[in-house]
Structures are given as C-alpha cells and as structure tokens.
Amino acid sequence: MVGATGNVGTSVVRALTADSGVTSIVGVARRLPGWHADRTEWRQADVATGDLSQIFEGADAVVHLAWLFQPTRDPATTWRANVLGSMRVFRAVAEAGVPALVHASSVGAYSPGPKDRPVDETWPTHGWPGAAYGREKAYVERVLDVFENDHPGIRVVRMRPAFIFKREAATEQRRLFGGPLVPRRLIRPGRVPFVPDIPGLRLQALHADDAGEAYRLAVTRPVSGAFNLAAEPVLDPADLAAMLQTRTLAVPAGLARAVVAAGWRLRLVPATPGLLELALRIPIMKTDRAHEVLGWTPRYSARQAVQEMFEGLNEGAGMETAPLAPDSGPAGRIREMASGMGGRP
C-alpha cells in the first residue's frame with residue numbers, strides 16, 4: 001500500500017488487518033510512522049525516486065494512495081509527485097508482475113457536472129483545469145487508460161471517493177486547507193458566526209473508515225473498473241450550519257471567489273482559489289455500482305463524517321504518523337507559517 005500513513009491509508013490498513021484472509025500488509029511511506037498495526041511492515045520510499053519494483057515483488061495487489069497536496073504554490077513539484085510518481089507506481093506494478101492495482105482517483109477527476117441529479121462512473125473525467133488537484137487527478141485517469149490497454153492481464157480498480165473525513169485527520173486537513181490562522185476552538189457549535197451560502201455549493205462526503213472498507217473489498221474481490229464512493233445525504237450550507245448551530249449567509253459566488261483569491265495572494269491560507277472553483281463545479285455522484293458490484297454500504301452518514309472532523313479540529317486530534325500528526329500548539333503553527341502558507345511540502 002503506497003501512501004499508507006495518511007487519512008485514507010490508515011483506515012485501509014485497519015480494514016485489511018481485520019480481514020483474516022489478508023496475511024501480510026506492506027505499508028509504503030516517505031516517512032516511517034510510530035503507529036503499528038497487526039501483520040503490517042513498513043517500508044520507506046518516495047514514489048518520485050524509490051525502487052518500487054523491489055518493494056512490490058510477490059504482492060497480490062498494490063493500493064496506490066500517495067498524493068502530495070502541498071506545496072500548492074509550486075505545481076511543478078506536486079505534478080512530479082502525483083502524476084510522474086503515479087506513473088512510476090504503475091510501471092513498477094507491471095515490472096513486478098502484480099496481478100491487481102487499486103488506484104485512488106477522486107470526485108475531483110470528474111468534469112464539471114450537475115448538482116441536481118447524480119452521475120455515474122461514465123461521466124467524463126477531464127477534471128477542472130483551474131485547480132492543480134483536478135488537473136492531476138484527470139491526467140492520471142488518462143495514464144490508467146493507457147496502462148489498462150497495455151496490460152490487459154492486470155486487474156485495475158479506480159476508486160472515486162467524495163470528500164473523506166475522520167476525527168484523526170482533522171488537524172491534517174486544517175493544515176492543508178485552512179492553515180495556522182484557523183483557531184483550533186473556533187469550529188465548534190455556537191462559535192462560528194455563519195456559514196456562507198454560495199450558489200452551487202453542494203458536496204458529498206464519507207467517513208475514512210467506510211472508504212477503507214471499500215478499498216478492502218476492491219483488493220479482495222474480483223472486481224475492476226471505477227467506483228464512486230459517497231455517503232448520504234448530499235450536504236449543503238444549511239446542513240453545515242445546523243451542525244455548527246449557526247445560520248447561513250447568502251454570499252455571491254463572485255464575492256466568495258474574490259475573498260479566497262485575496263487570502264491566497266496575501267498568504268493567509270494555503271489552499272488555492274482553484275479548489276473553491278472545483279468544489280462548485282464537481283458533479284453529484286451516483287454510488288449504485290459500489291453498492292451492487294463491490295458490495296459496499298457505508299456505516300456512517302455524510303453528516304457523521306463531517307461532525308467527526310469538526311470534533312477533531314477542536315481536540316487537535318491526530319495519529320502517530322507524519323501526515324496525521326496532532327496539533328502541536330503555537331510552536332507548530334509558527335512552523336506552518338514559516339513554510340510560506342503552501343510554499344513547501
């Protein structure tokens with residue numbers, strides 16, 4: 001499993017260790033974790049430079065989860081890690097003779113689509129070119145098209161999840177998207193003054209543990225192709241306001257774009273303006289195929305997943321892995337600011 005120490009990776013490891021049919025797990029990460037899991041050994045490697053073929057030798061399946069969100073101000077670096085790194089993973093799978101590849105794509109790979117009806121896995125995956133995340137996820141989808149054509153004997157699964165949350169990943173997500181200026185105890189019921197009601201802001205979510213179970217099924221069952229993953233219900237600003245016990249405030253999309261862009265230019269936030277554009281454009285996904293073919297049913301609702309994230313933000317929650325390190329207080333936030341607000345990984 002490449003990228004085994006992050007939000008999804010730790011949940012996939014947990015799901016696989018709970019499966020008695022899985023005898024061995026090799027977790028691959030740039031930085032070795034202090035966290036331990038049954039039947040799991042850790043190997044240190046970077047997808048951009050490491051000898052992956054040697055690590056993959058003898059594996060029954062490779063799960064590719066590694067993805068670099070930062071530095072958002074240096075898209076060439078994320079391209080090398082995410083696109084060229086994925087190409088190196090896929091090449092190593094073929095060289096090592098691994099019979100199955102499960103790749104973490106995303107709802108962000110989809111072309112702009114409707115918010116009033118769900119689309120299935122045949123919706124175009126050309127991404128939103130204004131966001132590096134969408135460009136990179138879409139490009140890797142095209143790389144996989146070629147890979148499947150060139151290696152018909154390898155079973156390929158593409159997982160396209162919605163936004164994924166859990167308590168232990170809340171601090172990581174605050175670091176990646178909100179930055180050090182977001183007060184730890186602001187995101188709690190009754191504290192947030194309002195939730196912006198931006199036209200088109202309707203999103204799907206799921207709990208990381210449900211995502212982990214979906215990956216387990218994709219590894220252990222003879223399935224292939226793409227699977228949309230999301231829990232019910234579809235969330236809008238009113239849902240978020242209800243969870244935070246506050247009100248909504250109508251904000252025109254143009255004003256929201258301007259505010260986010262100003263925060264980005266002033267280095268107040270690490271997330272790019274393109275991510276807001278992406279969120280406003282991605283379609284609502286239909287998940288029938290995951291239920292019927294993969295046999296997957298989420299245990300948590302979308303509201304429960306987001307609620308856990310809110311609780312984790314207040315607690316400064318995390319795990320003993322580098323990506324999921326808990327909130328370390330003022331010293332940690334100073335280090336985040338020194339990184340240039342998205343300027344370094």
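Let me begin by describing the structure that accompanies this report. (Residues numbered from 1 in each chain as written. Predicted model: local features only at pLDDT ≥ 70, side-chain atom pairs only at ≥ 80, totals over all residues. Heavy atoms only, no water.)

Before going further, it helps to spend a moment on the overall build of the protein chain. What the protein chain contains, in helices and strands, is 12 helices and 13 strands. Against the globule reference of 20 Å for 345 residues, the protein chain gives a C-alpha radius of gyration of 19 Å, in line with a compact fold. With the principal axes as the frame, the protein chain shows a C-alpha extent of 55 × 45 × 35 Å. Relative to its 345 residues, the protein chain shows a buried fraction of 54%. Of all intrachain contacts in the protein chain linking residues separated by at least 6 positions in sequence, the fraction that spans at least 24 positions is 78%. Averaging the coordinates of the 40 positive side-chain charges in the protein chain and doing the same for the 35 negative ones gives two points 7 Å apart. (Helix = DSSP H or I, 4+ residues; strand = E, 2+ residues; numbered from the N terminus. Rg over C-alpha atoms; globule rule 2.2 N^0.38 Å. Buried < 20%, exposed > 50% of the residue type's maximum accessible area, 1.4 Å probe, protein only. Contact = heavy atoms within 4.5 Å. Lys, Arg positive; Asp, Glu negative; His and termini not counted. Charge placed at Lys NZ, Arg CZ, Asp CG, Glu CD.)

Axis angle and axis distance: for two packed helices, these are the angle between their axes and the distance between the axes, and together they describe the pair. Where helix α8 (residues 253-265) contacts helix α9 (residues 273-281), the axes come no closer than 8 Å and their chain directions differ by 150 degrees. Overall, the two elements α8 and α9 adopt an arrangement that is roughly antiparallel. Listed contacts from α9 to Ala 256, Arg 257, Val 260, Ala 261 and Trp 264 of α8 are Pro 273, Leu 276, Glu 277, Leu 280 and Arg 281. Its residues assigned to classes, the contact of α8 with α9 comprises seven nonpolar, no polar and three charged. (Axes fitted to C-alpha atoms, helices over the stretch in contact; angles between N-to-C directions. Parallel < 35°, antiparallel > 145°, perpendicular 65-115°, else oblique. Nonpolar A, V, L, I, M, F, W, Y, C, P; charged D, E, K, R; others polar.)

Quick look at the side chain of Gln 70 now. Mapped onto the elements of the fold, Gln 70 is located in the loop between β3 (62-64) and α3 (75-96). A distance of 3.1 Å separates a polar atom in the side chain of Gln 70 from the backbone nitrogen of Thr 72. Of the polar contacts made by the side chain of Gln 70, one reaches the backbone oxygen of Leu 176; its length is 3.0 Å. (Polar contact = N/O pair within 3.5 Å; in protein donor to acceptor, adjacent residues only side chain to side chain.)

Here the focus is the sheet that holds strand β9 (residues 203-207). Pairing within the open sheet is mixed, and its three strands lie in the order β7-β9-β11. Either end of the sheet is taken by a strand with one partner, and the two such strands are β7 (163-165) and β11 (231-235). Sheet twist, expressed as the average angle between the axes of neighbouring strands with direction ignored, equals 35 degrees. The sheet contact formed by β9 and β11 spans two bridges and is antiparallel. Across the sheet, residue Leu 203 finds its bridge partner in β11, namely Leu 235. Here helix α6 (residues 208-220) sits on the sheet in contact with β7 and β9, set at roughly 75 degrees to β9. Here helix α11 (residues 302-315) sits on the sheet and contacts β7, β9 and β11; the angle it forms with β11, its principal contact strand, is near 75 degrees. (Pairing = 2+ DSSP bridges.)

This part takes up the nonpolar core. One finds Met 1, Phe 56, Val 89, Val 93, Met 159, Tyr 215 and Leu 294 to be the most contacted residues of the largest nonpolar core, which totals 84 residues. Within the second largest apolar cluster, seven residues are counted, among which are Leu 201, Val 251, Ala 256 and Leu 280. (Core = buried A, V, L, I, M, F, W, Y, C linked by side-chain atoms within 4.5 Å.)

The next point concerns the sheet that holds β3. The four strands lie next to each other as β3-β4-β6-β10, forming an open sheet whose pairing is parallel. Looking at which strands have only one partner, the edges of the open sheet turn out to be β3 and β10 (225-229). Neighbouring strand axes in the sheet, compared pairwise and without regard to direction, differ in orientation by 20 degrees on average. Where strand β6 (residues 155-161) lies against β10, five bridges are found, and the strand directions are parallel.

Attention now goes to α3. Taking 1.5 Å per residue as the helical rise, α3 with its 22 residues ought to reach 32 Å, and the 30 Å between its terminal C-alpha atoms agrees with that figure. Maximum bend of α3: about 30 degrees, positioned at Gly 85. Within the span of α3, buried status applies to Thr 77, Thr 78, Ala 81, Asn 82, Val 83, Gly 85, Ser 86, Val 89, Phe 90, Ala 92, Val 93 and Ala 96. Residues of α3 that are buried in the fold lie against α2 (52-56), β3, β4 (100-104) and α4 (132-150). (Expected span 1.5 Å × (residues − 1). Bend = angle between axes of the 7 residues up to and from the residue.)

Across the interface, helix α5 (residues 170-178) lies against α11 with an axial gap of 8 Å and an inter-helix angle of 85 degrees. With respect to their mutual orientation, α5 and α11 come out roughly perpendicular. Here Ala 170, Thr 171, Gln 173 and Arg 174 of α5 lie close against α11, whose contacting residues are Met 309, Gly 312 and Leu 313. Across the contact of α5 with α11, the residue classes tally to three nonpolar, three polar and one charged.

Before going further, it helps to spend a moment on the environment of Arg 267. By the secondary structure assignment, Arg 267 is in the loop between α8 and α9. The spatial distance from the C-alpha of Arg 267 to the C-alpha of Gly 343 is 9.3 Å, given a sequence separation of 76 residues. Apart from residues lying up to four places away in sequence, Arg 267 is in contact with Arg 73, Gly 340 and Met 341.

Structurally, Thr 125 is set in the loop between β5 (118-119) and α4. Judged by relative accessible area, Thr 125 falls into the buried class, the value being 5%. The contacts of Thr 125, once residues within four sequence positions are left out, are Ala 109, Tyr 110, Ser 111, Ala 138, Glu 141, Arg 142 and Arg 160.

Now for the pairing of β6. For β6, the buried fraction is high: seven of the seven residues fall into the buried class. Neither face of β6 is left uncovered, since the one carrying Arg 155, Val 157, Met 159 and Pro 161 and the one carrying Val 156, Arg 158 and Arg 160 both have all their residues buried. Here β4 pairs with β6 via five bridges, running parallel. Note on β6: the bridge partner recorded for His 103 is Arg 158.

Per the stated rule, a full pass over the model turns up 17 salt bridges. Each of Glu 141, Arg 142, Asp 145, Glu 148, Arg 158 and Arg 160 takes part in one network of salt bridges that share partners. (Salt bridge = Lys/Arg side-chain N within 4 Å of Asp/Glu carboxyl O.)

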